Amino acid sequence: MRNRQATQLLSELSHAGRRGAELPPSDVPEWPLEDLLPSEAMAAAPPRLPELAEPDVVRHFVNLSTLNMSVDTHFYPLGSCTMKYNPKRHERLSRLPGIVDVHPHQTAGNIQGLLELLYEMQEMLAEISGLPAVSLQPAAGAHGELTALFVAAAYFRDKGESRTKVIFPASAHGTNPASAAMAGFDCVELKGRSDGFVDIEELKQHLDDKTAVFMVTNPNTLGLFEREIAEIAKVVHDVGGLVYIDGANMNAIMGITRPGDFGGDMMHYNVHKTFTGPHGAGGPGSGPICVRDFLADYLPAPIVRQRDTGSDEKRFELATPSKTIGRVRSFFGNVGILVRGYCYLRTLGAAGVREAAEQAILNANYLKALLADVLPSAHGEHCLHEFVASADGLAKERGITAMDIAKRLLDYGFHPPTVYFPLVVPHAMMFEPTETESKATLDAFSDAIHKIVTEDADLLHTAPHSTPVSRPEEVNATRKPVLTWAACNKE
Amino acid sequence: MRNRQATQLLSELSHAGRRGAELPPSDVPEWPLEDLLPSEAMAAAPPRLPELAEPDVVRHFVNLSTLNMSVDTHFYPLGSCTMKYNPKRHERLSRLPGIVDVHPHQTAGNIQGLLELLYEMQEMLAEISGLPAVSLQPAAGAHGELTALFVAAAYFRDKGESRTKVIFPASAHGTNPASAAMAGFDCVELKGRSDGFVDIEELKQHLDDKTAVFMVTNPNTLGLFEREIAEIAKVVHDVGGLVYIDGANMNAIMGITRPGDFGGDMMHYNVHKTFTGPHGAGGPGSGPICVRDFLADYLPAPIVRQRDTGSDEKRFELATPSKTIGRVRSFFGNVGILVRGYCYLRTLGAAGVREAAEQAILNANYLKALLADVLPSAHGEHCLHEFVASADGLAKERGITAMDIAKRLLDYGFHPPTVYFPLVVPHAMMFEPTETESKATLDAFSDAIHKIVTEDADLLHTAPHSTPVSRPEEVNATRKPVLTWAACNKE
Amino acid sequence: MSYLFTTSDEQQQMLGRIGVDSLATLLDQIPTQLQLDRPLRMPPALTELELERHLRELASRNVGAASRVCFMGGGAYDHYIPSVVDEVTGRGEFYTAYTPYQAEASQGTLQAFFEFQSLIAELSGLDIANASLYDGGSGVAEAVLMAMRCTGRTGRVVVAGSVNPEAVQSVTTYLADQPTEVLVLPTRHGKVGVAELESYIDETTACIVIQHPNFFGELEDVEQIAAVAHQQGALLIHSFDPISVGLLKRPGELGADIAVAEGQALGVPLQFGGPYLGILACKKELVRKMPGRLIGQTVDRNGQRCFFLNLQAREQHIRRAGAMSNICTNQGLLALRATVYLSLLGPQGLKEVAELSCRKAHYAADRLKQIEGCELLFTGPFFKEFVLKYEHGADSAIRKAAAAGVDIGPMLSRFPNLNWLPQEVRDQCLLVAVTESRTKDEIDRLVTALA
Amino acid sequence: MSYLFTTSDEQQQMLGRIGVDSLATLLDQIPTQLQLDRPLRMPPALTELELERHLRELASRNVGAASRVCFMGGGAYDHYIPSVVDEVTGRGEFYTAYTPYQAEASQGTLQAFFEFQSLIAELSGLDIANASLYDGGSGVAEAVLMAMRCTGRTGRVVVAGSVNPEAVQSVTTYLADQPTEVLVLPTRHGKVGVAELESYIDETTACIVIQHPNFFGELEDVEQIAAVAHQQGALLIHSFDPISVGLLKRPGELGADIAVAEGQALGVPLQFGGPYLGILACKKELVRKMPGRLIGQTVDRNGQRCFFLNLQAREQHIRRAGAMSNICTNQGLLALRATVYLSLLGPQGLKEVAELSCRKAHYAADRLKQIEGCELLFTGPFFKEFVLKYEHGADSAIRKAAAAGVDIGPMLSRFPNLNWLPQEVRDQCLLVAVTESRTKDEIDRLVTALA
Ligand SMILES: Cc1ncc(COP(=O)(O)O)c(C=O)c1O
Ligand SMILES: Cc1ncc(COP(=O)(O)O)c(C=O)c1O
């Protein structure tokens, strides 16, 4: 029943002369274009975009959408990505006129409502992190990391210290080393302990007066809380370094413990994960950072500040921190996502925020328990919001790989977990059910996995069998990448 | 990759204590409910609705939706239903605040914009029909028929004539006789000529001073224009009867010829067909009627009238025709659909309206020509907006039925045409491609049909093979209907 | 219009395949003398950008509930609509599909409407509900015709004066050409006098039609009225507010044979009166006399549960003149909205909406009647709506409230068939409805405006 | 919050299966002394109804383009967004999916982004585009880093003063801790002086960054600048307005090696500055140095065409510290919006949008400069935006226009790094941008307001 015609490439659906949008005639004097623009700047013809009528366009994209799995349609326990349900109220409210149509250069006096919202968002993020100064500017988690590292660099520069090293555990998310390198630091990777935690002794060997920042994800990539985090922070601080908390996993701890309280000096949030900004097939996100007081003056501009009016009236303004690093992007930030995060936090309130974390932990541990017999986890009896199981046993006994199980899950109507990450676990399968999934869904998912592991190995090696495509060829395609229509046609 | 868990029945997904909506606490004094309502009126408990969390609800309905074919996803040439593309601008604009949120009892002075829109809609419908007086009240085509018949009855009653008969051809849509019966008339069905047209001689035999209304669909159900319509109207008028034009097929003639000009006294539109109100999985529609001047005073109340302000300023008001039949429903009409129809007409303008009809005719004839070799049409060399082909030859030669072809089309990603209607054609297949489909789509559809008719008969008898379900059992289910969850559980 | 565009080269190819020279040849099917010899007289075509500008301008000249405070009632209510309802029903697979004739291509629609029937059956306390009628008003008329079919009685139909007057008008219009007498019983004390009612019911009476809570917001003595009807073999048609059953007994529990309702309150926007949702439910034994569409459960070729259009023999496309109704296109998408709304609310949510509406209405009534010149026209128990009598005139009340950004009404004088109430009463009276969406502050604002 | 609700009986069952008594046991993983011993200090929780009320109240205190006339520019523009864009990108299957790691479950996303890359390559006149960066400003910074990788040069980066000052600031911030010198070349006459530029370029220069049409709306001599860059082996980074190429030559035709753009104009709402869309395209030979995601075409197990994440070895999750960028979550949904927008517009539509914007901007400029006290700061050719100098001060111009319901700006004084312009000039100057959405009447209204 799939409509295959509509999902051809746009360039294949194009027919010269068709069009999907008409513009009004000009109502201003028809001066010759040549009088307005120099002829050498003008194109002979507009770009060769495909030519389609409106119904072609709609049917194309609507049919394409049905080839996707998504949170709205499927359980999506992709570890480390916090694919929780995206409340529909956020979509409605973030599209309100007065929010969605505000020009970024609108003057502060004309946007007091929006500034109040963003100010309150800063305040809530500060409270949840335990770190008082906030910048909402970064566009995603990685951008937040980079921004915070610029802040750190500016701080040390200001203090006249030359610190060149950023240290992080081997299990760190790829963005941590990539951000450190991009900010101009040297990267030092720690092996860590066999139980997945940071090895303080190992860390100490690298700490010195060249150490700028120690970056650590807490809870870590195995879904475990670094129990010695306070100790770790102390040894970093002792050499004058800063502790950066990668907050991608805040969903496990919000309302329960705070980075600022366990030793962090800086952190980022992933609003699109923890606070349900929808993931948008890859983005957009929003990656605000929170820092300690002594770093506040270095934050990028602008931030929202409440002005003292001497009366009950609230007034908000955009302000530039005194020693600002400048900017890491144009305009204020990914406001559309921040509004969704704001809605989420206002919906939950203090008790709800904590409850969400607790429920995420309960769901993860429940799923862990359900799967323990077939997909045991190497680390920890319990976990926080996610856990990493291993298909190593199945691989050895039956030749079934983590990839096979992942692909076969698609046939059962489930999005697979993250596979082969973190690298420290062989045949890793990283499950993050999130708090918005019901027990019934977790039960059904577990049933599917239990069925799969008893299925014929060949059936699994060739899975999936019910998806639009199955197991793309990657090796040749990487050698000779085809990245545009133009390139396909050249093939 | 289908998520089967989410499409269980709501009652099966229900879990006591879950909930999908929270209401704010009461902010008014907490008077005991017993003081407000008599205890004997109060329920012991609220109805036993299913209990689900918001994500359950979303996933349920989103997954259900993917089990449908629709215009947005598939070619949908369902004859007689005019399944044309529904422009997305209509959805956006009909949801504007100031349109979607207006209370039906709002006073006229507060809704001048809306009244202007509805007034202009009346005017445009009058112009397209050639019939000057309009009621926007009926909720659908059948409702329009009924309303017009009430108008006719009131008119004759007022004139002191007792006319009891409504006449229509055998090919008439089922709503015609049903409406006539409902309005209290006796029904007379004409056999018609073998070429599908009304037989004037046969008609004359039934015409007398008991004849109230002759109802005729023009273009008719075979997609053919009643060439003798003026003559037909004359003979009806000669006996003092009225001619009702079923305007369901206006998509073929709008801007080209007008019911008022070819003899009609009354007609209805199907705004949801001709003017792209989306069909909403069965409705809502809107079925405005247009009538001649001498019937205007009988229209249901209210209608929109422009008041003479003696100045340039436009003022609109709701008015009650002097001899009104009363009302056929509450409130003004299906305004949300009328707004979409208005948007469509304003987008097309006069030239566009005619062009749409012409293009619909072109598309139908093109498809007819493409299919002629395998699915010949018995009637007419050419057709207007739709045509009825016959699978009779295939049935006789290969034992393939119209139903088989219809079901197999689903596997190819096309919605089938209307089948076995009209009854006058054996193995009828009624195709209405509409003007919004591209040549490429019609070509692909024709290719599919050509392939299908060569396929193994058994494959076709058991088709479809790629749909969520295949060929529901109807006989037993009709004998013992199961129409609710409660009834399933009793089985 | 851009989305119609077929290029002229395509048109030429198509004409060639058809075997004609030009479109004109195809149009020859329509006699030339009947063809319009001039362009239609219509306003100029607008691009999307212009159309949006135009509609925004028109919309800006209307007063909508979103930017005001809405205490308006009389059959349509500003209940809150959760965002999920829009999101889900805004999916093209639902709103651009049609009647599910092809079950295999329509299981989404079919199952959703089967769920709708189940939910409405439960709400009404009756066995079976159809998959929608046009609206509450025409639904009452359809129910009356159904009762006449069920009882075989065509003598008389008795309608309480406390039924929504627009629904009453629909009944009168629908029956204008039938021999049946439509007797509208004035309810001067705000609700049906059971004893008086009794005197009008005889063995030719097909049904009694009541509304509870009624048009004035008051509660009726439904059980007693049911007894009166049943004693004479008539059916009781009970028009109900689907929100009210979160708190009040359901029609089936009170003795109704047929329940009808305007379903607008269940997640349907106000949009100046439509499209709304006609609800009709009944006892099992009446099912084959029901108007409208019914979805049934069955199994497919492979034994899998599925859904299809059942009992089509009642419908016009099969039974034609003998059909139970002429309805064809119904209010499917609105039925879907109600289904989503009810599955979100659940029993507890529905109860809370009902309770909040009821409490706030009582607070409002209590405050308003303390105002000099304000009183409640009736004194019986009410649910979420009441008739306010304002001695300076209902239109003055509306104007004063409007000046404070608050909308109340309708005035009773809007309804010509409430003429059994004295003219001066109608001129002074208007409805005030309060939903869960209203706050105490907003109520106080209304009170201040009228004080 | 309602959509989190797991019932307590479910919780008990789950705890039982886990084998612990209570949630507290699970929380023991977090050392008690690190646990927060008080509730968070946050405003009270709101139900959907309350939240909507609250957001509407906040929104009502903002001035938005929908209810006003927007002539604002400076990098974000009120171009019209056809309804199809919202409808299609509002589908849950798109917006609630994530990075298409599992190709089989993500062909919709993958194909759409492949189409995006193809469309952007075509728009830019270059070979290859990635599937989005954060925004135009950070995109310029990424392009500079890319140019440094491609050329192996870290000595100097030359940025025209006529590049969007917020993008310039991003470059400065990104390179603050690098040894590289960022040289910003003042453009006092509104555009780059090619001869002056030439004197700053040497064999250590990694790239020249220009914007065309530039921040002041003016056109640059791109071909000559490209020649200057290429003569010294530097790359030319051209920041362009994706609408402008409906009328103007494309970066690739003008000699750019890397093109970047803010994609907001392609169907993305203004929403106070984000999420927007960072566009980056380049010549084929630079592809393996590109930041960001790339979708490639391939075939599946059954030989069917399909799409997957190609060249991941450039990305952080594989290459880590050696990655071409740290970007992970990108602006996918906005890339989808641009894809839908461009497929609706097609070549002709894009041309018309460009042409209308250009014509209307020139009409506006012409009318404005006839006003006493108004002049254009620069006199070269411009596309859809220009710098207006108002002798009574830019803020007075903004206030006067605002009083007539019209928004103009930003003032140049908003940008601290335009400090190479005299303070008094900056205080008097502001940007005025005109899109196809504006009418002659609206332009005349602005003129009247300032006259
Ligand atoms: C642990 C961790 N850190 C950082 C990131 C980067 O965040 P983003 O994708 O928002 O840039 C992610 C997300 O992918 C993550 O899981
Ligand atoms: C010819 C004809 N007449 C009348 C109708 C009834 O219209 P509606 O479905 O809007 O009630 C239809 C539609 O089904 C039709 O095709």
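Residues numbered from 1 in each chain as written. Chains lettered and ligands numbered in written order. Predicted model: local features only at pLDDT ≥ 70, side-chain atom pairs only at ≥ 80, totals over all residues. Heavy atoms only, no water.

Colleague: Can you break down the site of ligand 2 residue by residue, with the values?
Modeller: In the vicinity of ligand 2 there are 16 residues, among which S80, G141, D246 and K273 of chain B together with T329 of chain C approach most closely. A distance of 2.7 Å separates an oxygen atom of ligand 2 from a polar atom in the side chain of S80 of chain B. One of the side-chain nitrogen or oxygen atoms of H173 of chain B is found 3.2 Å away from an oxygen atom of ligand 2. Surface burial for ligand 2 is 98%, taken as the share of its 390 Å² of free accessible area covered by protein chains. Mapped by element, the contributors of at least two residues to the shell around ligand 2 are α6 (141–159) and α10 (271–274) of chain B. A total of three residues in the shell around ligand 2 trace back to one element, the largest contributor, which is α6 of chain B. A breakdown of the residues in the shell around ligand 2 according to their chemical character gives five nonpolar, eight polar and three charged. (Near = heavy atom within 4 Å. Polar contact = N/O pair within 3.5 Å; in protein donor to acceptor, adjacent residues only side chain to side chain. Areas by Shrake-Rupley, 256 points an atom, 1.4 Å probe, with all protein chains shown as cover. Helix = DSSP H or I, 4+ residues; strand = E, 2+ residues; numbered from the N terminus. Nonpolar A, V, L, I, M, F, W, Y, C, P; charged D, E, K, R; others polar.)

Colleague: Report on the pairing of strand β1 (residues 69–72) of chain D, specifying residues and quantitative values.
Modeller: All names here are of chain D. Neither face of β1 is exposed, since V69 and F71 on one face and C70 and M72 on the opposite face are all buried. Relative to strand β13 (residues 406–409), β1 runs parallel, the two sharing four bridges. Bridged to C70 within β13 is D407. (Buried < 20%, exposed > 50% of the residue type's maximum accessible area, 1.4 Å probe, protein only. Pairing = 2+ DSSP bridges.)

Colleague: An account of the environment of A256 of chain D is requested, with residue identities and associated values reported.
Modeller: Residue and element names in this part refer to chain D. The topology assignment puts A256 in the loop between α11 (251–254) and β7 (258–262). Sequence spacing of A256 and C328 is 72 residues, and the spatial spacing of their C-alpha atoms is 26 Å. In this view, A256 contacts L126, L236, H238, P251 and K283; residues no more than four positions away in its chain are not counted. (Contact = heavy atoms within 4.5 Å.)

Colleague: Tell me about the domain arrangement of chain C, and name the residues and values.
Modeller: Residue and element names in this part refer to chain C. Splitting chain C by domain gives domain 1 (65–74 + 346–450) and domain 2 (83–341). Here the C-alpha centroids of domain 1 and domain 2 sit 27 Å apart. Counting each side, the surface lost to burial between domain 1 and domain 2 is near 2200 Å², with a carbon and sulfur contribution of 70%. Taken as a group, F378, F383 and W420 account for 31% of the area that domain 1 buries against domain 2, more than any other trio of residues on that side. There are one salt bridge connecting domain 1 and domain 2. Here D241 ties to K384 by a salt bridge, and the two come within 2.8 Å at their closest N and O atoms. (Domains from an automatic or database assignment. Buried area = accessible area lost by both parts, 1.4 Å probe. Salt bridge = Lys/Arg side-chain N within 4 Å of Asp/Glu carboxyl O.)

Colleague: Account for helix α9 (residues 229–238) of chain A, with residues named and values stated.
Modeller: Residues and elements named next belong to chain A. Within α9, the full set of buried residues consists of I229, I232, A233, V235 and V236. In an axial view of α9, the angular spread of the buried residues amounts to 165 degrees, which keeps them on one side of the axis. Opposite the buried face of α9, at more than 90 degrees from it, the exposed residues are K234 and D238. Among the structural elements, α8 (200–206), β4 (211–217) and β5 (242–246) are those in contact with the buried residues of α9. G240 lies just past α9 and shows a positive phi near 85 degrees. (Arc of directions from axis to C-beta.)

Colleague: Describe the site of ligand 1, with residues and values.
Modeller: Neighbouring residues of ligand 1: 16 residues in total, closest S80, G141, D246 and K273 of chain A together with T329 of chain D. Residues near ligand 1 are shared among chains A and D, making this a multi-chain site. In the model, an oxygen atom of ligand 1 is placed 2.7 Å from a nitrogen or oxygen of the G141 of chain A main chain. Protein coverage of the free-state accessible area of ligand 1, which is 390 Å², stands at 98%. Going through the elements one at a time, α6 (141–159) and α10 (271–274) of chain A are the ones with two or more residues in the shell around ligand 1.

Colleague: Go over unusual backbone geometry, please, and point to the residues and values.
Modeller: Note the cis peptide between A463 of chain A and P464 of chain A, where omega equals 0 degrees. A cis geometry characterises the amide bond from G274 of chain D onward to P275 of chain D, with omega recorded as 0 degrees. When you line up the elements, P275 of chain D lands in the loop between β7 and β8 (278–282). In this model, F331 of chain A sits at a positive phi of 65 degrees, which is unusual for a non-glycine residue. Checked against the element boundaries, F331 of chain A lands in the loop between β9 (315–319) and α11 (335–371). When its relative accessible area of 4% is taken as the criterion, F331 of chain A is described as buried. Of note in this structure, S80 of chain B is not a glycine but carries a positive phi near 80 degrees.

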